[in-house]
Amino acid sequence: MEVVDVNALLFADDLKLFMEISSPKDSLKLQSSLIAVEEWCKGNNMSVNPGKCSVVTFHRIKSPILYSYFISNSEIPRLLNVTDLGVCFSSDMGFTEHLNIICSKANKMLGFISRFSRGINNPSALRSLYCSLVRQLLEYASPVWSHYTVGAGTRLEALQRRFIRLVGVRIGYNYPDVPVEALTAELNIPTLSLRRDVADVLMLWKLVGAHVQCPDLLAEIGIRIPVNTRWAFQPQVPLHELRLQQSTGKICSPGEPCCIRVRFFR
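Starting from 1, residues in each chain are numbered consecutively following that chain's sequence as written. Local features in this predicted model are restricted to residues of pLDDT 70 or higher, and side-chain atom pairs are both shown and tallied only at a pLDDT of 80 or more, whereas totals for entire chains, interfaces and linings draw on every residue. Heavy atoms from the whole structure form the basis of all side-chain values; hydrogens and water molecules are not counted.

Peer 1: Which residues make up the nonpolar core, and what are the values?
Peer 2: Of all hydrophobic cores here, the largest spans 27 residues; its most connected members are Y130, W145, L156, F163 and I164. Helix and strand definitions here come from DSSP, where helices need a minimum of 4 consecutive H or I residues and strands a minimum of 2 consecutive E residues; each element is numbered from the N-terminal end. Elements with a minimum of two residues in this core: α2 (96-116), α3 (123-139), α5 (150-170) and α6 (180-187). The leading source of residues in this core is α5, at 7 residues. Beyond its immediate chain neighbours, meaning those up to four positions away, F163 contacts L110, L126, R127, Y130 and I189. Buried Ala, Val, Leu, Ile, Met, Phe, Trp, Tyr and Cys residues form a nonpolar core when they are joined through side-chain atoms within 4.5 Å. Here the term buried applies to any residue with accessible area under 20% of the maximum for its type, exposed to any over 50%, and partly exposed to those in between, with areas from a 1.4 Å probe on protein chains only. By size, the runner-up hydrophobic cluster in this structure holds 11 residues, among which are V37, Y69, I71 and I76. By the convention used here, residues are in contact when the closest approach between their heavy atoms is within 4.5 Å.

Peer 1: How would you explain the packing of aromatic side chains if you had to name every residue and give the values?
Peer 2: Planes of paired rings set the category: under 30 degrees apart is stacked, over 60 is edge-to-face and the rest tilted, where pairs are Phe, Tyr or Trp rings (Trp by its six-membered ring) whose centres lie within 6.5 Å. A full pass over the atoms with the stated rule returns 4 aromatic pairs. Ring geometry for F112 versus F116: centroids 4.7 Å apart, planes at 35°, classification tilted. Within this pair, F112 and its partner F116 are both found in helix α2, separated by 4 residues, close to a single helical turn. Both a distance and an angle decide whether a charge sits over a ring: NZ of Lys or CZ of Arg must be within 6 Å of the ring centre and within 35 degrees of the ring normal. Here the basic side chain of R165 rests over the ring of Y175, its NZ or CZ set 5.6 Å away from the ring centre.

Peer 1: Describe the packing of α2 against α5, naming the residues involved and giving the relevant values.
Peer 2: Interaxial angles span 0 to 180 degrees and are taken between N-to-C directions of axes, which are lines fitted to C-alpha atoms, for helices over the stretch in contact. Two elements in contact, α2 and α5, have axes whose closest approach is 11 Å; the angle formed by their N-to-C orientations is 5°. Relative to α5, the element α2 lies roughly parallel. Note on element contacts: α5 touches α2 through A152, R155, L156, L159, R162, F163, L166 and R170, opposite L99, N100, I102, C103, A106, N107, L110, G111, I113 and S114. Split into classes, the residues belonging to the contact of α2 with α5 amount to 11 nonpolar, 4 polar and 3 charged. Here roughly perpendicular refers to angles of 65 to 115 degrees, roughly parallel to angles under 35, roughly antiparallel to angles over 145, and oblique to all remaining angles. For this classification, the nonpolar set comprises Ala, Val, Leu, Ile, Met, Phe, Trp, Tyr, Cys and Pro, the charged set comprises Asp, Glu, Lys and Arg, and every other residue, Gly included, is treated as polar.

Peer 1: Talk me through the packing of α3 against α5; I want residue IDs and the actual numbers.
Peer 2: Where α3 contacts α5, the axes come no closer than 11 Å and their chain directions differ by 165°. Here α3 is positioned roughly antiparallel relative to α5, judged by the angle of their axes. Taken as a pair, α3 and α5 cross one another with a handedness that is right-handed. In this structure, α3 contributes P123, L126, R127, Y130, R135 and L138 to the contact, and α5 contributes L156, L159, Q160, F163, V167 and R170. Taken together, the residues of the contact of α3 with α5 sort by class into 8 nonpolar, 1 polar and 3 charged. Crossing chirality is assigned from the near helix's rotation relative to the far helix, an anticlockwise turn below a right angle marking it left-handed and a clockwise turn marking it right-handed.

Peer 1: So what about the pairing of strand β6 (residues 87-90)? Which residues, and what values?
Peer 2: DSSP-based pairing: two strands are paired if at least 2 bridges between them are found. Inspection of the sheet shows strand β5 (residues 81-84) paired to β6 by 4 bridges, in the antiparallel sense. Its bridge partner being in β6, N81 is matched across the sheet by S90. What sits between the antiparallel neighbours β5 and β6 is a turn of 2 residues, in which L85 has the positive phi angle 55°.

Peer 1: Now, about helix α7 (residues 192-208): what can you tell me, with residues and values included?
Peer 2: Helices are assigned an expected span. That span is 1.5 Å times one less than the residue count. Counted at 1.5 Å a residue, the expected span for α7 with its 17 residues is 24 Å, and the 24 Å between its end C-alpha atoms agrees. Among all positions in α7, only L192, R196, L207 and V208 are buried. Angular distribution of buried residues about the axis of α7 spans 160°; they occupy a single face of the element. Just downstream of α7, A210 is the residue with a positive phi angle, here 65°. The arc in question is formed by the directions pointing from the helix axis toward the C-beta atoms.

Peer 1: Can you tell me about the pattern of salt bridges, naming the residues and giving the values?
Peer 2: Here, a salt bridge means any Lys or Arg side-chain nitrogen found within 4 Å of an Asp or Glu carboxyl oxygen. Applying the stated criterion to the full structure yields 4 salt bridges. Salt-bridge contacts for K16 lead to D84; the nearest nitrogen and oxygen are separated by 3.3 Å. With K16 in strand β2 (residues 14-18) and D84 in strand β5, the pair connects residues that are 68 residues apart, well separated along the chain. E181 serves as the salt-bridge partner of R161, at 3.1 Å between the closest nitrogen and oxygen. Of this pair, R161 sits in helix α5 while E181 sits in helix α6, and the two are 20 residues apart along the sequence. Using a relative accessible area of 36% as the deciding quantity, one classes R161 as partly exposed. Given a relative accessible area of 58%, E181 falls into the exposed group.

Structure follows, in structure tokens:
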């Protein structure tokens with residue numbers, strides 16, 4: 001199978017083809033790749049299910065090029081939102097719909113905990129239920145969709161505050177009088193914002209330490225290397241142009257045995 005000038009991503013039995021569409025010719029290239037995929041499947045006694053296929057145009061312009069793509073003589077439906085590995089991606093390159101989905105699920109799960117744990121007044125037991133059933137919904141794949149607006153962050157924190165008030169009611173407080181901040185500290189529940197920041201740093205550590213192999217992401221990371229303290233400038237070098245020594249955790253320039261001045265997460 002030959003897919004020309006088109007990027008492809010594979011996971012299990014799922015295939016995603018994507019490319020930048022800047023002219024109708026690019027749309028024709030993508031359609032040709034779809035035909036190549038279909039022919040490869042037929043040659044290997046497999047078939048493509050058009051009902052499970054979809055096309056999404058990610059853009060931030062007013063008039064994107066919208067081309068009708070076909071596979072197995074069926075037009076592929078065009079969607080505004082598509083869910084991939086549990087994360088909802090929107091055509092406007094935002095994650096508002098994903099936030100709507102996870103907040104809805106978390107609210108339903110909080111209601112479930114409230115109804116079916118009426119006989120449980122132990123704060124530690126309630127905390128375990130929240131962390132295992134609710135918080136994981138609000139944090140799944142957060143480095144991908146981590147919010148960039150104050151309103152979205154406030155909305156997520158409100159769900160956690162709702163749980164804290166539930167615990168306060170169970171231990172004897174009236175709902176409006178629950179000391180949310182004090183009870184949060186007592187239960188040792190950090191803010192969701194802080195936990196997302198930790199997840200982002202952990203993801204960076206995995207990229208730098210080569211625990212996650214993703215050259216495209218590494219290419220977006222730039223670091224400043226102090227070459228000589230007497231120099232008036234510090235050059236910025238893309239991280240993917242450096243080499244990491246696994247044994248020492250040091251960053252080395254290509255062709256150099258070791259760079260002793262740079263060390264990540266010492």
